[in-house]
Amino acid sequence: MPQPLRMHQIRRVIEFHQQGIGVREIARLSGLSRNTIREYLKRIVSSGLTPEELLHLSDELLSPIVYTEAWVRYLQDIQPGVKNALTTRGGTINNV
């Protein structure tokens, strides 16, 4: 499973794809792996929306398109630990 990207990275991939840039070049420009780019492009294309429509979506509407349910479940599972670690005095994300 590819590492989840931040929303600004996903939007850059969509922009590059919209410009007709290939996977190899997107990888070079973004520093992401080709497999990660392919996986996200597969999700983006399967949405049935055009790149323009995707770029106009809010992060809340775009995230279910690009994030798989497995990542959503994982993030929900670790949320209490992350919140506790970050609200504890001296806590960091490394404490999770």
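None of the values given here were measured: they were computed from a predicted structure.

Here's the deal with the overall build of the chain
Per the secondary structure count, the chain includes six helices and zero strands. Across the chain, helices and strands are ordered from the amino to the carboxyl terminus as α-α-α-α-α-α. The buried share among the 96 residues of the chain stands at 24%. Of all intrachain contacts in the chain linking residues separated by at least 6 positions in sequence, the fraction that spans at least 24 positions is 57%. Counting every atom, the chain has about 6,700 Å² of accessible surface; 52% of that belongs to carbon and sulfur.

Overview of the side chain of arginine 11
Tracing the backbone through its elements, the reader meets arginine 11 in helix H1 (residues 7–18). Leaving out residues up to four positions away in the same chain, arginine 11 has contacts with Leu54, Leu55, Leu57, Ser58, Asp59 and Leu62.

Here we look at the nonpolar core
Ranked by internal contacts, the top residues of the largest apolar core, which has 16 residues, are Ile10, Val13, Ile14, Ile37, Ile44, Leu62 and Val66. Mapped onto this core, the elements with two or more residues apiece are H1, helix H2 (23–30), helix H3 (34–46) and helix H5 (59–66). The residues contacting isoleucine 10, other than those within four sequence positions of it, are Leu5, Tyr40, Leu62, Val66 and Tyr67.

Section: H1
With 12 residues, H1 should cover 16 Å at 1.5 Å per step; its first-to-last C-alpha distance of 16 Å lies within 8% of that length. Among the structural elements, H2, H3, helix H4 (51–56) and H5 are those in contact with the buried residues of H1.

Section: the confidence of the model for the chain
Of the residues in the chain, 70% reach a pLDDT of 70 or more, and the chain-wide mean stands at 80. For the chain, the element scoring lowest by mean pLDDT is helix H6 (residues 69–87), at 64; H2 scores highest, at 95.

Observations concerning the packing of H1 against H5
H5 packs onto H1 with a crossing angle of 75 degrees between their chain directions and a minimal axis gap of 11 Å. Between H1 and H5, the angle is such that the two are roughly perpendicular. Packed against H1, whose contacting residues are Met7, Ile10, Arg11 and Ile14, the element H5 presents Asp59, Leu62, Ser63 and Val66 at the interface. Residues that form the contact of H1 with H5 fall into these classes: five nonpolar, one polar and two charged.

Here we look at the pattern of salt bridges
Throughout the structure, instances matching the rule amount to five salt bridges. Ionic pairing is found between aspartate 59 and arginine 11, a salt bridge with its closest N-O pair at 2.9 Å. Separated by 48 residues along the polypeptide, aspartate 59 in helix H5 and arginine 11 in helix H1 bring together distant segments of the chain. For aspartate 59, a relative accessible area of 38% gives the class partly exposed. Overall, arginine 11 belongs to the buried group, its relative accessible area being 17%. The partner of glutamate 39 in a salt bridge is arginine 43, and the shortest N-O contact between them spans 3.1 Å.

How each quantity is defined
Residues numbered from 1 in each chain as written. Predicted model: local features only at pLDDT ≥ 70, side-chain atom pairs only at ≥ 80, totals over all residues. Heavy atoms only, no water. Helix = DSSP H or I, 4+ residues; strand = E, 2+ residues; numbered from the N terminus. Buried < 20%, exposed > 50% of the residue type's maximum accessible area, 1.4 Å probe, protein only. Contact = heavy atoms within 4.5 Å. Areas by Shrake-Rupley, 256 points an atom, 1.4 Å probe, with all protein chains shown as cover. Core = buried A, V, L, I, M, F, W, Y, C linked by side-chain atoms within 4.5 Å. Expected span 1.5 Å × (residues − 1). pLDDT = per-residue confidence, 0-100. Axes fitted to C-alpha atoms, helices over the stretch in contact; angles between N-to-C directions. Parallel < 35°, antiparallel > 145°, perpendicular 65-115°, else oblique. Nonpolar A, V, L, I, M, F, W, Y, C, P; charged D, E, K, R; others polar. Salt bridge = Lys/Arg side-chain N within 4 Å of Asp/Glu carboxyl O.

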